[in-house]
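Secondary and tertiary structure notes
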Amino acid sequence: DGQTWVLAEGTYDVGDACTGIQANLNGVQQGFVLPLYADNLTIRGEGDVTLTSTFDPNTGAWSYQNFITVGGVGVTLENLKLQGNHNSYFDGCNKVLELVGGGKDLTLKNVQCLPLAGDGGQNSGSIYINVADAGSTKLEDVTLYSWINARAVTTGTVLARNVVQDFTDNVYAGYSDSTYGYAWNPGISGSNVQLDGFTIKVDGQAEFIQQVMKNIRPGTTIELMSDIAVSEEVYINGADGVTINGNGHTITAADDFHM
């Protein structure tokens, strides 16, 4: 508790070296790729610092679903690049970071969640605030190539300030299935969320209405990175302060446009 780690420039590969640590998060003793369970722990990079793991657990077990699992109070990650480990079970990184258990007051500041290399498109793994009491959790100057889930939060707030979600050439662009429909979308979910600068970058591969506009939150900026075509009207209803930055691109009615 209370330690500050200052990491010199470079890439830090934890491999599977932490999997035997007795972290005891959510009743699970061990098997975490990178568990952070101390309180008031700060990890700060100086220069270009990347945290990653080349360990492939190839399992859907909960403890192995995350690259970083945070169970401590007041944990701060600052000036870091996070590149999650590839898990063959998910064919990628499910969650780059998950806040669990009694963890709260998490701060991510100047953090880039890097996409994993792959032919199927970009994906960094999501950020999952999976606690009822988030305290004062802040995501500030954060970039990722996935989504943020804060639906579990009923007490406290999650502040997203200057957050950029790049959904271009994304693994989940245009993806839906028969059970859940379009459930893998950019944005931030949850009722205890505040936005202060939130940008979604999107291209024509995404289903613009279902994946981007359907659950748009007030204060969101959408940046078009290519021309897009839509099959139905684009409604901006019930969300104030929404900006669509065309970047010189067009929104066009598709051939199957529903009147």
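This text goes with the structure placed above it.
Residues numbered from 1 in each chain as written. Predicted model: local features only at pLDDT ≥ 70, side-chain atom pairs only at ≥ 80, totals over all residues. Heavy atoms only, no water.

This part is about the overall build of the protein chain. A count of helices and strands for the protein chain gives one helix and 19 strands. For the protein chain, the C-alpha radius of gyration of 19 Å lies close to 18 Å, the compact-globule estimate for 259 residues. Put simply, the protein chain has 259 residues, and 47% of those count as buried. In the protein chain, 64% of the contacts between residues at least 6 apart in sequence involve partners at least 24 apart. Of the roughly 11800 Å² that the protein chain leaves accessible, carbon and sulfur atoms contribute 43%. Across the protein chain, 11 positive and 29 negative side-chain charges occur, with their mean positions spaced 9 Å apart. (Helix = DSSP H or I, 4+ residues; strand = E, 2+ residues; numbered from the N terminus. Rg over C-alpha atoms; globule rule 2.2 N^0.38 Å. Buried < 20%, exposed > 50% of the residue type's maximum accessible area, 1.4 Å probe, protein only. Contact = heavy atoms within 4.5 Å. Areas by Shrake-Rupley, 256 points an atom, 1.4 Å probe, with all protein chains shown as cover. Lys, Arg positive; Asp, Glu negative; His and termini not counted. Charge placed at Lys NZ, Arg CZ, Asp CG, Glu CD.)

As for its position among the elements, tyrosine 182 is in the loop between strand 13 (155-166) and strand 14 (188-189). Under the relative-accessibility criterion, tyrosine 182 is labelled partly exposed at 30%. Each C-alpha atom of the pair tyrosine 182 and tyrosine 172 lies 9.2 Å from the other, and the pair is ten residues apart in sequence. With sequence-adjacent residues up to four places away left out, tyrosine 182 is seen in contact with Gly174, Tyr175, Ser176, Glu207, Gln210 and Gln211.

Our focus in this paragraph is the packing of aromatic side chains. When we look at a pair of aromatic rings, we describe it by the centre distance and by the angle of the planes. All told, the structure shown has eight aromatic pairs when counted by the stated rule. Relative to tryptophan 62, the ring of phenylalanine 32 has its centre 5.5 Å away and its plane inclined at 85°; by these criteria the two rings are edge-to-face. You can see phenylalanine 32 sitting in the loop between strand 2 (10-13) and strand 3 (34-36) and its partner tryptophan 62 sitting in the loop between strand 5 (49-52) and strand 6 (66-70), a full 30 residues away along the chain. Taking relative accessible area as the criterion, phenylalanine 32 reaches 0% and is therefore assigned buried. Ring pairs connect the aromatic residues Trp147, Tyr172, Tyr175, Tyr180 and Trp184, which therefore count as one cluster. (Phe/Tyr/Trp six-rings, centres within 6.5 Å; stacked < 30°, edge-to-face > 60°.)

A surface patch of nonpolar side chains, about 280 Å² in accessible area, is lined by Val234, Ile236, Ile244 and Ile251. Checked against the element boundaries, isoleucine 236 lands in the loop between strand 17 (228-230) and strand 18 (243-245). Given the relative accessible area of 45%, isoleucine 236 is considered partly exposed. (Patch = residues over 30% accessible without salt bridge, like charges linked within 9 Å, V, L, I, M, F, W, Y side chains within 5 Å. Salt bridge = Lys/Arg side-chain N within 4 Å of Asp/Glu carboxyl O.)

Right, let's get into the nonpolar core. Residues Leu77, Leu82, Ile127 and Ile129 are the most contacted members of the largest nonpolar core, which totals 42 residues. Counting residues per element, this core draws most heavily on strand 11 (residues 133-144), at four residues. When sequence neighbours within four positions are dropped, the list of residues in contact with leucine 82 reads Leu51, Phe67, Ile68, Leu77, Val96, Val111, Gln112, Cys113 and Leu114. Membership of the second largest hydrophobic core comes to 14 residues, among which are Phe167, Ala206, Phe208 and Ile216. (Core = buried A, V, L, I, M, F, W, Y, C linked by side-chain atoms within 4.5 Å.)

With that settled, the discussion passes to the environment of arginine 151. Inspection of the secondary structure puts arginine 151 in the loop between strand 12 (148-149) and strand 13. Along the backbone, arginine 151 and threonine 243 are 92 residues apart, and their C-alpha atoms lie at a distance of 24 Å. Leaving out residues up to four positions away in the same chain, arginine 151 has contacts with Ser189 and Gly190.

If you check the backbone angles, aspartate 91 has positive phi at about 55° while not being a glycine. By the secondary structure assignment, aspartate 91 is in the loop between strand 7 (76-83) and strand 8 (95-99). Of the residues examined, aspartate 91 reaches a relative accessible area of 65% and is grouped as exposed. At aspartate 141, a position not held by glycine, the phi torsion is positive, near 55°.

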